[in-house]
Amino acid sequence: MRQRRKNAPRRPALRPIAVGALLLGAVVLGLLLPGLSAAVQERSTDRLSRTVDLGQASLSLTSDEAKLEKLSILGEIAAGSGNYVELETEGRFMTAADVAAKFDALAALLNGTDLSLHGLERSDVLDVEPVLLVAASGPVSTSLVWVVNGGKVLDADSGYHYEGLQYVVDDATGLILGAEFRRYRSEELTAYQEKDWSRDAQRLVENLAASYAFSDTVMGLGGSSAIDVNTDLYYVNYTTGSGRVLGLPLVLGEDRWAINLYSD
């Protein structure tokens, strides 16, 4: 059975967060973070009228090529291209309970960094939905994933009013393809102190590489830029014998972080 918090209404898996409504209704509505969903609008397209293959017929499900294809499709969707279809069925390989339990694997990706989930726990998972992602260009290429949303309202005395999390799990392999966490301030706290996140970015890349377990693909940090005084944007390059084949973002900051997802 699909896991859903009691009395939580059903909602679309990919929708932008409404920050102004967080205090009054965040837990009830299960609002999403903007990293994956802000740029995404479900669109009608001729390609989606065709039958799509949920599997990777020509590739091993755990091959480098299959993993890179899944990451690439997610990157396209996060950048505002591609399409998605919300599914009413369960996954082919995982259940909603399996996917919710990936919360612990996500937390483990942060080991050795100054990033954290702060007060969020697995019990704060609000909704788990299977979604079919469809590539933007070329032959019809798809990825069956689960979109998990979590969050909770915080005590006003903490200076924050909400913490929210979204992560995306590949149904075939159980890999965490992307994630975003944010805390929203309820009042002006002590000003941020500038921080160099490069060490944390390198450790996060190492943890991701161990998780993805590529055979012949090398992951390495590329360029970076400042989003604000305490948040930096890095790019991770995926390189094979053919050269660089993919680049995906990492966002690192005091009140937000994101893996393979970024939106303004």
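Worth saying up front: this structure is predicted, and the values here are computed from it rather than measured.

Peer 1: An account of the sheet that holds strand S1 (residues 83-86) is needed here, citing residue identities and associated values.
Peer 2: Across the sheet, which stays open at both edges, the nine strands sit in the order S1-S2-S3-S4-S5-S9-S8-S7-S6 with antiparallel pairing between neighbours. Strands at the two margins of the open sheet, each flanked by one partner only, are S1 and strand S6 (218-228). Averaged over all neighbouring strand pairs, the angle between strand axes comes to 20°, with direction disregarded. Lying over the sheet, helix H6 (residues 198-212) contacts strand S5 (176-185), S6, strand S7 (231-240), strand S8 (243-253) and strand S9 (256-259), oriented at roughly 140° with respect to S6.

Peer 1: Could you give an account of unusual backbone geometry, with specific residues and numbers?
Peer 2: Residue alanine 213 is not a glycine yet carries a positive backbone phi of 50°. Mapped onto the elements of the fold, alanine 213 is located in the loop between H6 and S6. Within the chain, asparagine 260 stands out as a residue other than glycine whose phi angle is a positive 65°. On the basis of relative accessibility, which here comes to 1%, the residue asparagine 260 falls in the buried class.

Peer 1: Could you give me a rundown of the pattern of salt bridges, with the residues and numbers involved?
Peer 2: If the charged atoms of two oppositely charged side chains come close together, the side chains can form a pair. Throughout the structure, instances matching the rule amount to twelve salt bridges. Close ionic contact of arginine 185 with aspartate 255 constitutes a salt bridge, the shortest N to O distance being 2.9 Å. With arginine 185 in strand S5 and aspartate 255 in the loop between S8 and S9, this pair connects stretches of sequence that are 70 residues apart. For aspartate 255, a relative accessible area of 7% gives the class buried. Measuring nitrogen to oxygen at the nearest pair gives 3.5 Å for the salt bridge that ties lysine 195 to aspartate 200. When its relative accessible area of 28% is taken as the criterion, lysine 195 is described as partly exposed. Taking the relative accessible area as the measure of exposure, aspartate 200 reaches 0% and is therefore buried.

What counts, and where the lines are drawn
Residues numbered from 1 in each chain as written. Predicted model: local features only at pLDDT ≥ 70, side-chain atom pairs only at ≥ 80, totals over all residues. Heavy atoms only, no water. Pairing = 2+ DSSP bridges. Helix = DSSP H or I, 4+ residues; strand = E, 2+ residues; numbered from the N terminus. Axes fitted to C-alpha atoms, helices over the stretch in contact; angles between N-to-C directions. Contact = heavy atoms within 4.5 Å. Buried < 20%, exposed > 50% of the residue type's maximum accessible area, 1.4 Å probe, protein only. Salt bridge = Lys/Arg side-chain N within 4 Å of Asp/Glu carboxyl O.

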